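As a plain string of letters, each chain reads:
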Amino acid sequence: MRIDLGNTSVLVTGASRGIGAAVARAMGRAGARVAIHFRDQRQQATALAEQIGASAEVFQADLSRTEECDALWKAVVARFGRVNTLVNNAGIAISSPLESATGEWLQAWDTTMAVNLRAPAILSRLAIEHFRTRGGGRIINISSRAAFRGDQPPYLAYAASKGGLVALTRSIARGFGKAGILAFNVAPGFTRTDMAKDFLDEYGEDYVAGDIALERLTEPEDIAPFVVFLASGLGDHSTGCTIDVNAGSYVH
Ligand SMILES: NC(=O)c1ccc[n+]([C@@H]2O[C@H](COP(=O)([O-])OP(=O)(O)OC[C@H]3O[C@@H](n4cnc5c(N)ncnc54)[C@H](OP(=O)(O)O)[C@@H]3O)[C@@H](O)[C@H]2O)c1
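## Looking at the overall build of the protein
The helix and strand inventory of the protein stands at nine helices and seven strands. Relative to the globule expectation of 18 Å for 252 residues, the C-alpha radius of gyration of the protein, 17 Å, shows essentially globular dimensions. Considering only C-alpha atoms, the protein reaches an extent of 50 × 40 × 40 Å along its principal axes. Across the 252 residues that make up the protein, the buried fraction comes to 45%. Long-range contacts, defined as pairs at least 24 residues apart, comprise 71% of the intrachain contacts of the protein with a sequence gap of at least 6.

## Points about the sheet that holds strand E3 (residues 57–60)
What the seven strands build is an open sheet, ordered E3-E2-E1-E4-E5-E6-E7; its pairing is parallel. Each edge of the open sheet carries a strand with a single partner, namely E3 and strand E7 (242–245). Strand-to-strand twist of the sheet, defined as the mean angle between neighbouring strand axes without regard to direction, takes the value 20°. Alignment of strand E1 (residues 9–12) against strand E2 (residues 33–38), held across four bridges, turns out to be parallel. Bridge pairing in E2 places leucine 11 opposite alanine 35. Against the sheet, helix H1 (residues 18–29) engages E1, E2, strand E4 (85–88), strand E5 (137–142) and strand E6 (181–188), with an angle of about 170° to E1.

## Topic: the environment of valine 245
Topologically, valine 245 is positioned in strand E7. The spatial distance from the C-alpha of valine 245 to the C-alpha of valine 186 is 7.2 Å, given a sequence separation of 59 residues. When sequence neighbours within four positions are dropped, the list of residues in contact with valine 245 reads Val186, Ala187, Pro188, Gly189, Thr218, Asp222, Ile223 and Phe226.

## As for the site of the ligand
Around the ligand there are 29 residues in total, and Gly14, Gly18, Gly91, Thr193 and Met195 lie nearest to it. Sorting the residues of the shell around the ligand by element identifies H1 and helix H7 (194–203) as the ones contributing at least two each. Across the shell around the ligand, the residue classes break down as 13 nonpolar, 11 polar and five charged.

## Looking at H1
Here H1 contains 12 residues, and its C-alpha end-to-end distance of 17 Å stays within 8% of the 16 Å for a straight helix at 1.5 Å per residue. Among the residues of H1, those classed as buried are Gly18, Ile19, Gly20, Ala21, Ala22, Val23, Ala24, Arg25, Ala26, Met27 and Gly28.

## Quick notes on the pairing of E6
E6 sits mainly inside the fold: eight of its eight residues count as buried. Here E6 shows a buried face lined by Ile181, Ala183, Asn185 and Ala187 and a second buried face lined by Leu182, Phe184, Val186 and Pro188. Looking at chain direction, E5 and E6 are connected through six bridges and run parallel. Considered in E6, the bridge of isoleucine 140 is made with phenylalanine 184. Inspection of the sheet shows E6 paired to E7 by four bridges, in the parallel sense. For alanine 187, the partnering residue across the bridge sits in E7 and is aspartate 244.

## Digging into the pairing of E5
Judged by how many residues are buried, E5 sits mostly within the fold: six of six residues are covered. Judged by which residues are buried, E5 turns out to be covered on both faces: Gly137, Ile139 and Asn141 on one side and Arg138, Ile140 and Ile142 on the other are all buried. Sheet topology note: the E4/E5 ladder contains four bridges and is parallel. Paired with leucine 86 across the strands is isoleucine 139, a residue of E5. Note that the unit made of E4, helix H4 (residues 102–132) and E5 has a crossover that is right-handed.

Definitions and cut-offs
- Residues numbered from 1 in each chain as written.
- Predicted model: local features only at pLDDT ≥ 70, side-chain atom pairs only at ≥ 80, totals over all residues.
- Helix = DSSP H or I, 4+ residues; strand = E, 2+ residues; numbered from the N terminus.
- Rg over C-alpha atoms; globule rule 2.2 N^0.38 Å.
- Buried ≥ 20, exposed ≤ 12 C-beta atoms within 10 Å, placed from the backbone.
- Contact = placed C-beta atoms within 7 Å.
- Pairing = 2+ DSSP bridges.
- Axes fitted to C-alpha atoms, helices over the stretch in contact; angles between N-to-C directions.
- Near = placed C-beta within 6 Å.
- Nonpolar A, V, L, I, M, F, W, Y, C, P; charged D, E, K, R; others polar.
- Expected span 1.5 Å × (residues − 1).
- Right-handed = clockwise from strand over helix to strand, strands pointing away.

Now the structure itself:
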């Protein structure tokens, strides 16, 4: 089986590093034109675009801000004309213990929800409008194992945001399938990225290794092929599904 995403374009949010960068690279390798979104890491995003090739372009936006979500989508459509696939990957995991001051705890909750759930919802709404007049499209949301088994107490908001993302995805799949709009979740387990580094520093490598059935920890490149596969259309009849990529945590 060969996957050819030639003549298609994809927006990957949070593609400057980690899982998003691996997804953007894999999409580019499969022939897609890639919109590489970043917030702060312009240099890494630009280097990635150069690596992918001439058709890839970088777009900046702070997705915690409603108007920047809107501007991002419009900028990508203005440059690419058509977007076939939206990958909502950008995310944050803020450690916020229950013992924090109420204001701080609420701030972490609101920021987490804004980036991890509200931004994907805003972008999905814009994508659905776009797909409706263009014969369909795909939305792939990067959720988390935390949506299903919960997370450590300082990460309540993170787990809740990812659970919300799963429900959002399923509702899109349910509501717009007949319009040719498909929606999927990919739910990574612990994956070696900058985000994971904070967790590793807090809980240690042994804690993480003890949770999985495989020998080595998941890398961003272990996640990317599933996203490319879903973007290809080969998985359309699994719309609404979640693909768990967690090194066998559920069977361990
Ligand atoms: N790593 C894991 O173990 C793991 C497990 C399950 C699920 N996930 C999910 O996988 C996705 C990617 O995670 P990762 O580990 O690759 O994270 P990462 O290495 O920390 O990268 C996060 C990405 O999101 C972008 N971003 C962060 N805040 C943003 C904001 N306010 N506006 C716009 N962009 C923002 C960053 O942009 P800049 O670099 O330009 O600032 C960066 O590209 C996330 O949704 C995460 O929840 C990760």
